[in-house]
Amino acid sequence: MDPSKVKQLRQFIEQCKANPSILSDPSFSFFKDYIESLGGKIPRSGVDSKEKSPVVDEVDDDMDDFEEEPLPPMEEEPEIVESDVELDESDVIVRDNDPPQKMGDPSVEVTEDNRDASQEAKMQAMEAISDGKLEDAIDHLTKAIILNPTSAIMYATRANVYIKMKKPNAAIRDATAALEINPDSAKGYKSRGLARAMLGDWEEAAKDLHMASKLDYDEEIYTALKKVEPNAHKLEEHRRKYDRLRKEREDRKAEQERQRRRAEAQAAYERAKKQERASANKKQGSSFPGGMPGGFPGGGMPGGFPGGGMPGGFPGGGMPGGFPGGGMPGGFPGGGMPGGFPGGGMPGGFPGMPSGFPGSGTPGGFDYSKILNDPELMAAFKDPEIMEALQDVMKNPANLAKHQSNPKVAPIIAKMMGKFSGSK
């Protein structure tokens, strides 16, 4: 081939490397089709055109194909619906919703006259209770509380009257006021416990009645506890049961969350390992010895295949001695050229001239398309084992003998020599 045309071809290839969008021009479709027929890839316009080795492409494809397995969905925990508790509520009444009763002013200074008047009002209330006049009793006790708001007994007595009137809410207010004045008021705990039992507040009623029994036990408290305690115990067991179920539910949810996080961490670890292996493979496959990705090892041989014309082409080398000629047992067939490739008369083996692989004596140079259009050779050049063997022979032609028995390498070398010698 005319050296000037080779130079022009090299310049065109360099332009394609710098701007692959050139190949998008319809006039170059024949060249684009040729590159793709050899297994090449044309980068899309505007996309990084940096050439990748087949190993790098394979690694990238592996990473693209890598999909993390979806994490198993968390099991939906059913909501806990509490069952009803069978209670004896035969004595429970409707809550009273009367406005709050009058209460005393604890900031008022109580004089002796007020105390005496308060006691007189209390006596009148007790007579009204004996006569069954509960409303009058409430009025007298309210007057007594206003006169002496520091008396816990007055509040507790009025609370007891409200219980008789079936007004548990009013009774609870008075009993609580009595306990605020005197925390050890047995009548206060008793009245509040009985009032709470009337409303069905079994557990709170049991607490108040037990406290009243400790301070001042009587038969009325004992009778009330016999009705209150069974219901209170059932409610306590019911609450404990569902507290336990709720805790177990929360524990299961927490364990599922821990497993989910563990699975996420494991998936992240596996992906990191995958990326690490891919990165190692990428570095390993990015170049063969000599720094030429996808091509013959060696490099910098003036007069080898044209530098930019063949993607991943044969780098040159100027190796002394070249491939052995016909005089070497087990070598390539000679051709009359001492110590070198057949067909030229150029001592020294691999080319040192711009015309290509064969020596300058080859008539008309060498038609490189014989190699470029040979799918078997092009595929073989991507095999690291074959490339390593060829490099070994280039470094020392005497090493050819040890590769003659390799069923993968020997046919490729023989076929290459057949191309150079003119056979098909």
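Going along each chain's sequence as written, the residues are numbered from 1 onward. The predicted nature of this model means local features are confined to residues of pLDDT at least 70 and side-chain atom pairs, given and counted, to a pLDDT of 80 or more, with totals for whole chains, interfaces and linings taken over all residues. Based on all heavy atoms of the structure, the side-chain values leave hydrogens and waters out of the count.

1. Quick word on the overall build of the chain
Here is step 1: Only DSSP runs of H or I reaching four residues or more are called helices, and only runs of E reaching two or more are called strands; each is numbered from the N terminus. Secondary structure assignment for the chain yields 15 helices and zero strands.
Here is step 2: Looking at the chain residue by residue over its 424 residues, the buried ones come to 36%.
Here is step 3: Residue contacts are counted whenever heavy atoms from the two residues lie within 4.5 Å of one another. Here the contacts in the chain between residues at least 6 apart in sequence split such that 59% fall between residues at least 24 apart.
Here is step 4: Taken as a whole, the chain presents about 25,100 Å² of accessible surface, with 52% of it coming from carbon and sulfur. We call a residue buried when its accessible area falls under 20% of the maximum for its residue type, exposed when it is over 50%, and partly exposed in between, using a 1.4 Å probe and counting protein chains only. Calculation of accessible area relied on Shrake-Rupley with a 1.4 Å probe; when residues are assessed, cover is drawn exclusively from the protein chains displayed.

2. Examining the side chain of Asp208
Here is step 1: Inspection of the secondary structure puts Asp208 in helix H9 (residues 202-215).
Here is step 2: By relative accessible area, which is 5% here, Asp208 ends up buried.
Here is step 3: Pairs of N or O atoms are called polar contacts if they sit within 3.5 Å, as long as, within protein, a hydrogen donor faces a hydrogen acceptor (for residues adjacent in sequence, only side-chain-to-side-chain pairs). In terms of polar contacts, Asp208 uses its side chain to reach the side chain of Arg196, at 2.7 Å.
Here is step 4: Apart from residues lying up to four places away in sequence, Asp208 is in contact with Tyr189, Arg192, Gly193 and Arg196.

3. Digging into the packing of helix H4 (residues 112-130) against helix H6 (residues 152-164)
Here is step 1: Lines fitted to C-alpha atoms define the axes, with helix axes restricted to the stretch in contact, and inter-axis angles between N-to-C directions lie between 0 and 180 degrees. At their nearest, the axes of H4 and H6 sit 12 Å apart, and the two run at 20° to each other. It follows from the interaxial angle that H4 and H6 lie roughly parallel. Considering only the axes of H4 and H6, their crossing is left-handed. Across the interface between the two elements, Ser118, Gln119, Lys122, Met126 and Ile129 from H4 touch Ile153, Met154, Thr157 and Val161 from H6.
Here is step 2: Note on residue categories: nonpolar means Ala, Val, Leu, Ile, Met, Phe, Trp, Tyr, Cys or Pro, charged means Asp, Glu, Lys or Arg, and polar means any other residue, Gly included. Counted by class, the contact of H4 with H6 contains five nonpolar, three polar and one charged residues. Each angle is binned into one of four classes, with values under 35 degrees roughly parallel, values over 145 roughly antiparallel, values of 65 to 115 roughly perpendicular, and all other values oblique. For a crossing to be left-handed, the near helix must be turned anticlockwise from the far one by less than a right angle; the clockwise case is right-handed.

4. Details of unusual backbone geometry
Here is step 1: Non-glycine residue Lys166 carries a positive phi angle of around 60°.
Here is step 2: Positionally, Lys166 belongs in the loop between H6 and helix H7 (168-181).

5. Some details on the pattern of salt bridges
Here is step 1: Between Lys or Arg on one side and Asp or Glu on the other, a salt bridge is scored when a side-chain nitrogen of the former is within 4 Å of a carboxyl oxygen of the latter. A complete count under the given rule lists 27 salt bridges for this structure.
Here is step 2: Of the charged contacts in the structure, one is a salt bridge between Arg192 and Asp208, with a shortest N-O distance of 3.0 Å. Here Asp208 lies in helix H9 and Arg192 lies in helix H8 (residues 186-199), a separation of 16 residues in the sequence.
Here is step 3: A salt bridge links Asp374 to Lys415, with the nearest nitrogen and oxygen atoms 3.0 Å apart. Within this pair, whereas Asp374 is found in the loop between helix H11 (369-372) and helix H12 (375-380), its partner Lys415 is found in helix H15 (residues 409-421), the two being separated by 41 residues in sequence.
Here is step 4: Accessibility expressed as a relative area gives 27% for Lys415, which makes it partly exposed.

6. Let's talk about the environment of Leu235
Here is step 1: For Leu235, the position within the fold is in helix H10 (residues 219-285).
Here is step 2: C-alpha of Leu235 to C-alpha of Asp84: the two residues are 151 residues apart in sequence and 9.9 Å apart in space.

7. Section: the confidence of the model for the chain
Here is step 1: Confidence of the predictor in every single residue is expressed as pLDDT, which spans 0 to 100. Taken residue by residue, the chain gives an average pLDDT of 75. The fraction at 70 or more is 71%.
Here is step 2: Scored below 50 in pLDDT, residues 46-56 makes 16 contacts in the model with residues more than four places away or belonging to other chains.
Here is step 3: Note that pLDDT drops below 50 for residues 286-364; the model gives that stretch 168 contacts with residues more than four away or on any other chain.

8. Focus: H9
Here is step 1: Helix span, expected: 1.5 Å multiplied by one less than the number of residues in the helix. Look at H9: 20 Å from first C-alpha to last across 14 residues, which is about the 20 Å you get at 1.5 Å a residue.
Here is step 2: Buried residues of H9: Trp202, Ala205, Ala206, Asp208, Leu209 and Ala212, and no others.

9. Some remarks on the layout of surface pockets
Here is step 1: By volume, the second largest pocket is sized at about 430 Å³.
Here is step 2: When residues of the lining of the second largest pocket are traced back to their parent elements, those giving at least two are H6, H8 and H10.
Here is step 3: For the lining of the second largest pocket, the class distribution of residues is eight nonpolar, three polar and six charged. Cavity and pocket criteria rest on a 1 Å grid covering protein atoms alone: a 1.4 Å probe that fits but cannot get out defines a cavity, protein on both sides within 12 Å along at least 5 of 7 lines defines an open pocket, and an atom within 4 Å of a point defines a lining residue. Grid points are joined across faces, edges and corners, and a volume is the space filled by probe spheres set on the points.

10. Digging into the packing of H4 against helix H5 (residues 134-147)
Here is step 1: Look at H4 against H5: their axes get within 8 Å of each other, and the N-to-C directions meet at 165°. Taken together, the axes of H4 and H5 lie roughly antiparallel to each other. When you trace H4 past H5, the crossing you get is left-handed. Between H4 and H5, the contacting residues are Asn114, Ala117, Ser118, Ala121, Lys122, Gln124, Ala125, Ala128 and Ile129 on the first element and Asp136, Ala137, His140, Leu141, Lys143, Ala144 and Leu147 on the second.
Here is step 2: Counted by class, the contact of H4 with H5 contains nine nonpolar, four polar and three charged residues.

11. A short note on the nonpolar core
Here is step 1: Residues grouped as a nonpolar core are buried Ala, Val, Leu, Ile, Met, Phe, Trp, Tyr and Cys residues, joined through side-chain atoms within 4.5 Å. Val161, Tyr162, Ile163, Ala171, Leu209 and Val228 are the most contacted members of the largest nonpolar core, which has 31 residues in total.
Here is step 2: When residues of this core are assigned to their parent elements, the largest contribution, six residues, is made by H8.
Here is step 3: When sequence neighbours within four positions are dropped, the list of residues in contact with Val161 reads Ile129, Leu134, Ala137, Ile138 and Leu141.
Here is step 4: Counting residues in hydrophobic clusters, the runner-up holds 18 residues, among them Leu372, Phe381, Leu390 and Val409.

12. Things to note about H4
Here is step 1: Under the 1.5 Å per step criterion, the end-to-end length of H4 is 28 Å for 19 residues, consistent within 8% with the ideal 27 Å.
Here is step 2: For H4, the full list of buried residues reads Ser118, Ala121, Lys122, Ala125 and Ala128. For H4, the angular spread of the buried residues around the axis is 115°, confining them to a single face. Seen from the buried face of H4, the exposed residues on the opposite side, beyond 90 degrees, are Glu112, Asp113, Asp116, Met123, Glu127 and Ser130. Regarding the arc, it is the one traced by the directions from the helix axis to the C-beta atoms.

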